[in-house]
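This is what each chain is made of:
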Number of protein chains: 4
Amino acid sequence: MRFEDIDTTIQTLGEAKIPSPLLQPTERGGGTYFVDDDERILLHVNQKEVAELKKRDLPAPAFESAGPRRKIYFDPSKLRCALVTCGGLCPGLNDIIRSVVLELHHRYGVKHICGIRHGLQGFIPKYGHSTVDLTPESVVSILDKGGSILGSSRGDQDIEEIVDSLERMHIGILFMIGGDGTLAAASKIADAITTRGLKISVIGIPKTIDNDVYLVARSFGFDTAVDIATQAISGAHNEAEAYPNGIGLIKLMGRESGFLAATAALARQDVNFVLIPEVSFDIDGPNGFLDNLEERVTQRGHAVVVVAEGAGQEFFLDRQTQHDASGNVKLYDIGLLLKDRILSHFQERGIPMSLKYIDPSYIIRSLPANSNDRVFCSFLGRDAVHAGMSGKTKLVVSHWNNHFVHVPMDQVITQRKKVDPAGKLWATVLEATGQSSLKNPTSPNEE
Amino acid sequence: MRFEDIDTTIQTLGEAKIPSPLLQPTERGGGTYFVDDDERILLHVNQKEVAELKKRDLPAPAFESAGPRRKIYFDPSKLRCALVTCGGLCPGLNDIIRSVVLELHHRYGVKHICGIRHGLQGFIPKYGHSTVDLTPESVVSILDKGGSILGSSRGDQDIEEIVDSLERMHIGILFMIGGDGTLAAASKIADAITTRGLKISVIGIPKTIDNDVYLVARSFGFDTAVDIATQAISGAHNEAEAYPNGIGLIKLMGRESGFLAATAALARQDVNFVLIPEVSFDIDGPNGFLDNLEERVTQRGHAVVVVAEGAGQEFFLDRQTQHDASGNVKLYDIGLLLKDRILSHFQERGIPMSLKYIDPSYIIRSLPANSNDRVFCSFLGRDAVHAGMSGKTKLVVSHWNNHFVHVPMDQVITQRKKVDPAGKLWATVLEATGQSSLKNPTSPNEE
Amino acid sequence: MRFEDIDTTIQTLGEAKIPSPLLQPTERGGGTYFVDDDERILLHVNQKEVAELKKRDLPAPAFESAGPRRKIYFDPSKLRCALVTCGGLCPGLNDIIRSVVLELHHRYGVKHICGIRHGLQGFIPKYGHSTVDLTPESVVSILDKGGSILGSSRGDQDIEEIVDSLERMHIGILFMIGGDGTLAAASKIADAITTRGLKISVIGIPKTIDNDVYLVARSFGFDTAVDIATQAISGAHNEAEAYPNGIGLIKLMGRESGFLAATAALARQDVNFVLIPEVSFDIDGPNGFLDNLEERVTQRGHAVVVVAEGAGQEFFLDRQTQHDASGNVKLYDIGLLLKDRILSHFQERGIPMSLKYIDPSYIIRSLPANSNDRVFCSFLGRDAVHAGMSGKTKLVVSHWNNHFVHVPMDQVITQRKKVDPAGKLWATVLEATGQSSLKNPTSPNEE
Amino acid sequence: MRFEDIDTTIQTLGEAKIPSPLLQPTERGGGTYFVDDDERILLHVNQKEVAELKKRDLPAPAFESAGPRRKIYFDPSKLRCALVTCGGLCPGLNDIIRSVVLELHHRYGVKHICGIRHGLQGFIPKYGHSTVDLTPESVVSILDKGGSILGSSRGDQDIEEIVDSLERMHIGILFMIGGDGTLAAASKIADAITTRGLKISVIGIPKTIDNDVYLVARSFGFDTAVDIATQAISGAHNEAEAYPNGIGLIKLMGRESGFLAATAALARQDVNFVLIPEVSFDIDGPNGFLDNLEERVTQRGHAVVVVAEGAGQEFFLDRQTQHDASGNVKLYDIGLLLKDRILSHFQERGIPMSLKYIDPSYIIRSLPANSNDRVFCSFLGRDAVHAGMSGKTKLVVSHWNNHFVHVPMDQVITQRKKVDPAGKLWATVLEATGQSSLKNPTSPNEE
């Protein structure tokens, strides 16, 4: 889908008629900052692309700006909000929880904020998870803790049961922090709410350690993940350099998108091969990975390889597909496959070497956010609150061209954001690593 | 100056006729990435602003995209480059040096890269600083070190002497990493080069720990500075909370712009007052800082105050202006002034309290870059090389609307980037701190 | 006082008759670990010193080992404990609080643990600080927070009022975490308890960021302080190296003992001068600090100086002595004095230079403990509980010759631990820095 | 072997007759620090044990103190030294290299220091590794880098060939940094040197990430390893807490000794089960690990398990023994075994759960040392130099009862240091975790 075909219209529950409590005279030095609904951020910033739209007589598409509105839809004194974190952990979850609660409580005066425990399970009575009252006191010290104080879970739950639960609890705004599975559920929940004629706003905050949500330029927690991944690469590099023909092999998260592997590789520039899901490669053959690795190792004495977990899944095509609780396809372990193939390749060639395999796995996603992500989460949480209070719904708070914007929920789940093999990020990785295409002239995979 | 009045034209030394070495068949998987000179990034992304330009029949201004060109100007085999770091330290200097050297050497095949020691002094014979040969070997391990392996210095040097020196060394591209003083000198150097009819490209990489260079959305090292500043705030908050009526007062860098203070305050959200140069405040009076602080402390038991070094300089107007070696106005110490005033205020009111003053000073800028800044520096350095190799000159590599662009050197030194008191950053700081205007109804400063 | 004159006898409240709950069959793999009262750790480990004692027919003195006893004095089901943190912050306070609470609650079954707020003030009704119930739930997440969840305060309070308060609250064991002022108060409290015929155990845990409590080989938090101080030194070194004739001057804590300055200097070995309270030095004169500094700077181009805040106090002898709330002598600022003297010295000599002054101050002591200190605090807290439960009193838990021991409270407050100018630590600092005596042949200070 | 049977005699190459250069007047403030050969540190510090020795009329054994001697054996101006790092990486290797080089060069005036590349392989011509000149300039900036600038390798090499190499290079002192395999080789090298009548001192510095070298109370790098392991535990704990019936399983290094697992568990106190090689456990059965884990998880909702890689090797007894290049028995992967067994156990019982397996592997050992280890390495390196210069040989520099001492090489390789299942460390782990014996009443392993 091209940007110009994206429907950027944001749904609302109804007219926002109540003057925002943020309008009340606070003697602020900087004046009072509000955003109008017609403030919009262009999707395109490339002059050529804009010019071409013009040629085709198409309007340049733009996302609604996030931020506080002068009029709000909900009466803060009567409003009950719910907050839920779903799917895998991600640095910054607690920062967003804190930011949402502090903004609702201190700025809008909303006193009833309910934390749903263990993701979508928390809505379903049979699991028996109780809810948590969220207050400034209960969130003030959670910044230095990784994970989510609300917990999480994987897997779908019945949409109608979830909406039943929202009705029972008299929730007015539901904040859902989760990945594309969660956002798909959120979209269905919003639809069910509409069908029932309820007035519940559903606001999504996209979460993905892989930085792969479509139309979301930057995901919270990703920068922290790069930080931690860099540590693993640094260790692997030290191991590789120390031993004769030393090889450091690091597996990083990245199911369908290689942003983490590509970005972390640029942070150290000590990496010689980066393998990501978006760019297929050959393991064998004259220009395959193994021969290239052998050349590097025998010429330079060591090598560092970073592989994203979703890379090279085509090498497992003969095996049966399995799924996890969330319905995600279970990935085969490309890290262990490469480890085995490297070991046997060098053994066959009679070249002594020393391979160190490092899989930081969950460490990447379960530690507290760094400062950069904290600042980002502070904005995300507050803008989610502003969006909900104004009666908007079925949207996610996104970051686009350096601005916080509202994106309709259905748009972000149409596809994943991918590393563009022809774009600047991958080109820079190729420059930094000096790696070749790793494809044989007539690769069987491409025939 | 409004964006639409900015001249975005980039100067060149002449026609780039030599096919780039990056074009040579490398069997790259992702195709080869090149940028054309007519790829441009819009300065505006706000739909309204673009619409208004259209109404006024003005073209939307756009910056030239940074990146590798298909044709280059310099013959790599004969080219000599020089690199200099000037002014105050900043996390990431060594990352940029490394990135420039690796790109020049490995990708373009430039073998003569000369490091100038101690900033502009390094060009002037009387200082006697020798130069350093920069090779992949000499830069490979400098990543984990803060500071600059080339050193730096403050202060102007004679432009003609600098150009003499460039001529003597047969330099083709001069990379200058520095703040606005350095960029002003770079601009004059470029002009003197033109006057002499020389073919030397001058490429600037803007450096500012205060994140205050105009038309540069993000400066390298700033994110690391926020990280370290956050640590100081965290310590101050712990001190303040521990003692009855505890006050933590942190002074942070920020001569004319309060980005560091404002951003670091958002990272912890433990801060109750942020004072920056862009927003004036009263110390005394019914809504002045001291009475507000007293109210917070007596009601909540503790308070944290972050002050940028350039804030409140109007309180020193009666004192004589002094300048440092670079000609910068020496700032009076607002941190110590506030410390004294707070102590005497509480003593006068007979309120026992415990004040802890923390000034992390140079720690903020002299430590190694974090991963985020490292990735950023990796791009900056490579794009600086691409710009220079293509024969462009008198430009800085900047980041704008999430893209790397070329900005004419003269444009970035016309003014400083400031925190907009009516914008989102400051509004969010006000929300997070809950601080009032800190201005009295008829403040004498405003009369 | 020589070790052989130290009275190592530990006071008890009475016979410990109750079998320890730790004795109950727990099917432990490692058997059950208990310490008998006659397990003792020798004060001397130097063979010569032991031999000399033998010659003089003196018994080798030994401290009672810390650890769980088979019989305890207090009935856990009826026991109420109190915990207070006093004086300056120190990394690890929350770790000790957590360790004490978890051990009392989970292992001994003590359910009533009372946290006293804001140090000794918390006992005195007029301050109006309420107490805090300490439970496993309330302490489980405090590890990642610096400071003390109980807060602290400086200054003495009336001993009888404190004991009144203990009586009112029916406290059986009082855990006091504090420096030598606090331990002196603790000793008086224990005496007042004896005078009143009460059965309250007073257990001290020595706290000192300066690592200067006598008979305590290692203080909690010190290792973390070294970590943080090292960061400041690293920054100062980068600053010094970068500028022509660059000087980095770092002031570190260390009122009467220079352990922090000396140890942090060894961590980087980038330091050229270390100035501590234990070793006097001349500022002026042919072998004074300034001339030595000038020599180093002019020969090597840069220098790094670390000064402990208590060093060189003799240079302020003409000024009036002031005291802080705890009655400590207020130190004059040797850091600022040296800064001024260095600046004027180089100006007088006409030598251009660049001085960077760094005072990390409270950052050193207000951040969370590192892993090493956490493990140490875990042991300290548990051993404090074991000591108290067994009915011992008026002791501190100390670390001596790598073992945790009980030391009578009165012994540790007789003097401060100092860096031995003739010992290995200082000799190694001199080797690492290469600094001279910094004393003139006939120094006026020594006449 | 009991301590009293240890032969603590240190071999020397001959009489040390040359006055130490450290004696030369340096105007040191603290006097000059030297250690006499009869300064000795007692092995025992427990009063009871010493008393018992006395009863048995045995002398209390003592290690020679490390440190500078007044007389040295080698003439610094003619001396050539070699330095080699062997076996697995360990944080602090570069710190020791730096400390040895700086002390030799600056203090003793030794100018020829040769770095052997890639461990013992570096001595053997067939590998073709060249040597490296080590100078203050080449080591000054290596502190911030993990690994070893000299590299390393695993496996034995021919002793005679090594000594041939030392002869060819005219080496006077060989510093060997390595684990017990290396120290065994060092011992044989020293013997071959004696047989050949050469005058080469062999000084060992014990390296073990497992902290398991006998008679070495503390190994360099261990504290850093605990730091990093703690991060992994923290992540696992966050994962476990977040999910319903969440289990975090962390595998840590520790082939034969569980110090790392036990110590890191105490640093967080978030761990519920610690499994180490020294304490056998049952997986199945009513009090086996799985049933205990199930109980914990179902009652408390989550659990964290730390397993040392060498734990539970008895569960693999039916499999064939394999060896690695160094001749070490290849361990079977207890982490993966437990992962599989936990998954199938909960599946069989029909209990939904979420298991996260974290194996930080080489990250633990390949990162730079923390400040604490840096200070320790600074002492170790200098004391190794002092020992070698004085003509002593076949010794290791050890840390015992808080003092640096010389221990004969042959003594430290007789056995490994183990966690004492009846000692304080393990008892405290049991207290902190609350774990049971994990042994069934009539465990088949014990029959």
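How each quantity is defined
Residues numbered from 1 in each chain as written. Chains lettered and ligands numbered in written order. Predicted model: local features only at pLDDT ≥ 70, side-chain atom pairs only at ≥ 80, totals over all residues. Heavy atoms only, no water. Helix = DSSP H or I, 4+ residues; strand = E, 2+ residues; numbered from the N terminus. Rg over C-alpha atoms; globule rule 2.2 N^0.38 Å. Buried < 20%, exposed > 50% of the residue type's maximum accessible area, 1.4 Å probe, protein only. Contact = heavy atoms within 4.5 Å. Areas by Shrake-Rupley, 256 points an atom, 1.4 Å probe, with all protein chains shown as cover. Least-squares fit on C-alpha atoms with pLDDT ≥ 70 in both.

Undergrad: Go over the overall build of chain A with me, naming the residues and quoting the values.
TA: Counting secondary structure elements, chain A contains 13 helices and 17 strands. Relative to the compact-globule value of 22 Å for 447 residues, chain A shows a C-alpha radius of gyration of 24 Å, a close match. The C-alpha extent of chain A, read off along each of the three principal axes, is 75 × 60 × 45 Å. Out of the 447 residues in chain A, the part that is buried amounts to 65%. Restricting to contacts in chain A with at least 6 residues of sequence separation, those with at least 24 account for 79%. Carbon and sulfur atoms form 47% of the exposed surface of chain A, whose accessible area is close to 15,600 Å².

Undergrad: Go over the environment of L13(C), please, and point to the residues and values.
TA: All names here are of chain C. Secondary-structure assignment places L13 in the loop between β1 (11-12) and β2 (18-19). The sequence separation of L13 and I276 amounts to 263 residues, and the corresponding C-alpha distance is 42 Å. Beyond its immediate chain neighbours, meaning those up to four positions away, L13 contacts Y73, F74, K199, I200, S201, G391 and T393.

Undergrad: Talk me through unusual backbone geometry; I want residue IDs and the actual numbers.
TA: Note on backbone geometry: most residues besides glycine have negative phi, and most peptide bonds are trans. Unlike most non-glycine residues, K394(A) shows phi in positive territory, near 55°. As for its placement among the helices and strands, K394(A) is situated in the loop between β15 (392-393) and β16 (395-400). Phi is positive for H118(B), which is not a glycine, with a value near 55°. Its place among the elements puts H118(B) in the loop between β7 (112-115) and β8 (132-133).

Undergrad: Run through the relation of the copies chain C and chain D, naming residues and quoting values.
TA: When chain C is fitted to chain D, the best match, at an RMSD of 0.0 Å, comes from turning it 180° and sliding it 0.0 Å along the axis. In short, the pair behaves as if placed about a two-fold rotation axis. For chain C, the smallest separation between a C-alpha atom and the rotation axis is recorded for N401(C), amounting to 2.5 Å. Interface overlap between copies is the fraction of interface residues in one copy that are interface residues in the other; for chain C against chain D it reaches 99%, indicating a shared surface.

Undergrad: I'd like a description of the pairing of strand β14 (residues 354-358) of chain C, backed by residues and values.
TA: Within β14(C), five of the five residues are buried, which leaves it mostly tucked inside the rest of the structure. Residues S354(C), K356(C) and I358(C) point to one face of β14(C) and L355(C) and Y357(C) to the other, with burial holding for every one of them.

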